[in-house]
Number of protein chains: 2
Amino acid sequence: MNTDSELQNPEWRSSCPIASGLDILGDKWSLIIVRDLIEHSSRTYSEFASSPEGISTNILASRLKWLESLSIIERINPDKPSRNNAFQLTQRGKALRPVLEELGKWSQIHLKEIHPTIVKII
Amino acid sequence: MNTDSELQNPEWRSSCPIASGLDILGDKWSLIIVRDLIEHSSRTYSEFASSPEGISTNILASRLKWLESLSIIERINPDKPSRNNAFQLTQRGKALRPVLEELGKWSQIHLKEIHPTIVKII
DNA sequence: CCGGATCCTTGTCGATACTG
DNA sequence: CAGTATCGACAAGGATCCGG
C-alpha cells in the first residue's frame, strides 16, 4: 500500500466507491488510527502506540504518513516538528465517523456470540 | 488471516467492536464480496471472479471459506456441491449494508478529487 | 467449461533493535 | 519521544494445473 512512491498516489482497482474506499482504508490499522482520533480528538505517536491493539512502530509510522498524505489526518502544528506534535482529524477524516459507528454497531450485535468479551468503546 | 487453523477462529486484538470488526473484515477483499452480494443477491464463484476489481482465484476461494465460516455468507444449496452452487448473504451479512453504504457515501464525497472517475454503483 | 488447488514470485506485516 | 533499519514470516497475486 505504502511504498514511498505510492504516497498520495493510491492505486484504484475500479471506479466503485466502496472498492475505492477499501483501496485506501481496507487494512487492519488505518481505521484504528481514525477511531483513536474520534475518541480522543488529539493523539501523539506514543499514545497511538499504547492503544490496546498494540500496533508496532514501523506500521504506525507508515500509516500515519499514509493517512496524512490523503488529508485524513494532519499534524496539529504543521511546521515545527515531531516532539509532542500530535495529530488530529481533518474534515475528511471526521466524516468517517458514521462508517465507524455502523461498523461498531454491527460488531456489537453480530460478533458477541463468537467474541464474548466485546464491549462498547466509542 | 486465513490459514486453515484460523477458520472460524479469528484472533481478536482487543474487545473494541470497531477493532473486532476489522479483525474479520479489515482487508481489501472481504467487503468486496459482500458488496457483490448486496448488488446481486446471489453469485457464483466465476461471477465473483469477473468483478472489475479482478480478485485472483486463490484469494477468492480463501475469502469465501473465511466468510462462510463466519456465517456472513452461505451456499444457497448447502449439500450438493460446487458446480453452479451460488452464494448469498446470511442475516449477519445483510446487516453489513449500512456499513457499506456509509463507506460508499464517504468515498463519493471525499475521494472524487483524487479519483476523478469514481462513480456510484450500489 | 467451472470450481477450485498448487506453485512460485513478490510484497507487506510485524517484532525487535537502534538512532536523533 | 518519534521515528528508522533490519530481517524473518506470511499473505497477495499471477499462472497453471486438475477433477467433475
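Residues numbered from 1 in each chain as written. Chains lettered and ligands numbered in written order. Predicted model: local features only at pLDDT ≥ 70, side-chain atom pairs only at ≥ 80, totals over all residues. Heavy atoms only, no water.

**Some points on the protein's contact with DNA strand C**
Then, in step 1: The full set close to DNA strand C counts 19 residues, and A:Trp29, A:Asn58, A:Arg63, B:Ser46 and B:Thr57 are the nearest of them.
Then, in step 2: Residue A:Trp29 places a side-chain N or O atom 2.7 Å away from a phosphate oxygen belonging to DNA strand C.
Then, in step 3: Contacts to DNA strand C include A:Asn58, whose side-chain N or O atom sits 2.4 Å from a base nitrogen.
Then, in step 4: By residue number, the principal contributor to the surface near DNA strand C is helix α4 (residues 57–69) of chain A, which donates four residues.
Then, in step 5: Looking at the surface near DNA strand C, its residues break down into four nonpolar, ten polar and five charged. (Near = heavy atom within 4 Å. Polar contact = N/O pair within 3.5 Å; in protein donor to acceptor, adjacent residues only side chain to side chain. Helix = DSSP H or I, 4+ residues; strand = E, 2+ residues; numbered from the N terminus. Nonpolar A, V, L, I, M, F, W, Y, C, P; charged D, E, K, R; others polar.)

**Some thoughts on the protein's contact with DNA strand D**
Then, in step 1: The local shell around DNA strand D holds 20 residues, among which A:Thr57, B:Trp29, B:Asn58, B:Arg63 and B:Arg83 are the closest.
Then, in step 2: Restricting attention to atoms of DNA strand D within 4 Å of the protein, one finds that 59% of them are sugar or phosphate atoms.
Then, in step 3: In this structure, A:Tyr45 approaches DNA strand D through a side-chain N or O atom, which is 3.5 Å from a base nitrogen.
Then, in step 4: A:Arg83 places a polar side-chain atom, nitrogen or oxygen, 3.1 Å from a base oxygen of DNA strand D.
Then, in step 5: Those elements giving two or more residues to the surface near DNA strand D turn out to be α3 (45–49) and α4 of chain A together with α4 (57–69) of chain B.

**Section: the side chain of B:Asp23**
Then, in step 1: Relative to the helices and strands, B:Asp23 is located in helix α1 (residues 17–25).
Then, in step 2: According to the relative accessible area criterion, B:Asp23 is buried, its value standing at 5%.
Then, in step 3: In this structure the side chain of B:Asp23 is engaged in a polar contact, spanning 2.6 Å, whose partner is the side chain of B:Arg13.
Then, in step 4: Once residues within four sequence positions are removed from consideration, B:Asp23 is found in contact with A:Lys28, B:Glu11, B:Trp12, B:Arg13 and B:Trp66. (Buried < 20%, exposed > 50% of the residue type's maximum accessible area, 1.4 Å probe, protein only. Contact = heavy atoms within 4.5 Å.)

**Notes on the packing of aromatic side chains**
Then, in step 1: Across all of its chains, the model carries two aromatic pairs over all chains by this definition.
Then, in step 2: Taking the ring centre of A:Trp29 as reference, the NZ or CZ of B:Arg13 above it sits at 4.6 Å. (Phe/Tyr/Trp six-rings, centres within 6.5 Å; stacked < 30°, edge-to-face > 60°. Lys NZ or Arg CZ within 6 Å of the ring centre and 35° of its normal.)

**Some remarks on unusual backbone geometry**
Then, in step 1: Non-glycine residue A:Ser71 carries a positive phi angle of around 60°.
Then, in step 2: Along the chain, A:Ser71 falls in the loop between α4 and β1 (73–75).
Then, in step 3: The phi angle at B:Ser41 is positive, at roughly 65°, despite the residue not being glycine.
Then, in step 4: Its location among the elements puts B:Ser41 in the loop between α2 (30–40) and α3 (45–49).

**What about the interface of chain B and chain A?**
Then, in step 1: Between chain B and chain A, the residue contacts involve 51 residues of the former and 51 residues of the latter.
Then, in step 2: The contact between chain B and chain A buries some 4,400 Å² in all, and 70% of this surface belongs to carbon and sulfur atoms.
Then, in step 3: Notably, a salt bridge pairs A:Glu113 with B:Arg92, separated by 3.5 Å at the nearest N-O pair.
Then, in step 4: Elements supplying a minimum of two residues to the side of chain B that touches chain A: α1, α2, α5 (91–94) and α6 (97–110) of chain B.
Then, in step 5: With ten residues, α6(B) is the single largest residue contributor to the side of chain B that touches chain A. (Buried area = accessible area lost by both parts, 1.4 Å probe. Salt bridge = Lys/Arg side-chain N within 4 Å of Asp/Glu carboxyl O.)

**Details of α4(A)**
Residues and elements named next belong to chain A.
Then, in step 1: Over its 13 residues, α4 runs 18 Å from end to end, which matches the ideal 18 Å to within 8%, given 1.5 Å per residue.
Then, in step 2: The complete set of buried residues in α4 reads Leu60, Arg63, Leu64, Trp66, Leu67 and Ser69.
Then, in step 3: Serine 71, located one to two residues past α4, shows a positive phi value of around 60°. (Expected span 1.5 Å × (residues − 1).)

**Some details on the packing of helix α2 (residues 30–40) of chain A against α1(B)**
Then, in step 1: Relative orientation of the contacting elements α2(A) and α1(B) amounts to 170°, with a least axis distance of 10 Å. Classified by the angle between their axes, α2(A) and α1(B) sit roughly antiparallel to one another. Here A:Leu31, A:Ile32 and A:Arg35 of α2(A) come into contact with α1(B), specifically with B:Ile18, B:Ala19 and B:Leu22. (Axes fitted to C-alpha atoms, helices over the stretch in contact; angles between N-to-C directions. Parallel < 35°, antiparallel > 145°, perpendicular 65-115°, else oblique.)

**A word on the pattern of salt bridges**
Then, in step 1: In the structure shown here, the tally under the stated rule is 20 salt bridges over all chains.
Then, in step 2: Linking A:Asp36 and A:Arg43 is a salt bridge whose minimum nitrogen-to-oxygen distance equals 3.7 Å.
Then, in step 3: Note on A:Asp36: relative accessible area 2%, which makes it buried.
Then, in step 4: Between B:Lys105 and B:Glu102 there is a salt bridge whose closest N-O contact spans 3.2 Å. Residue B:Lys105 and its partner B:Glu102 are both found in helix α6; the two are separated by three residues, about one turn of the helix.
Then, in step 5: Since its relative accessible area comes to 45%, B:Lys105 is described here as partly exposed.
Then, in step 6: Linked by salt bridges that have partners in common, A:Arg35, A:Asp36, A:Glu39, A:Arg43 and A:Glu53 make up one network.

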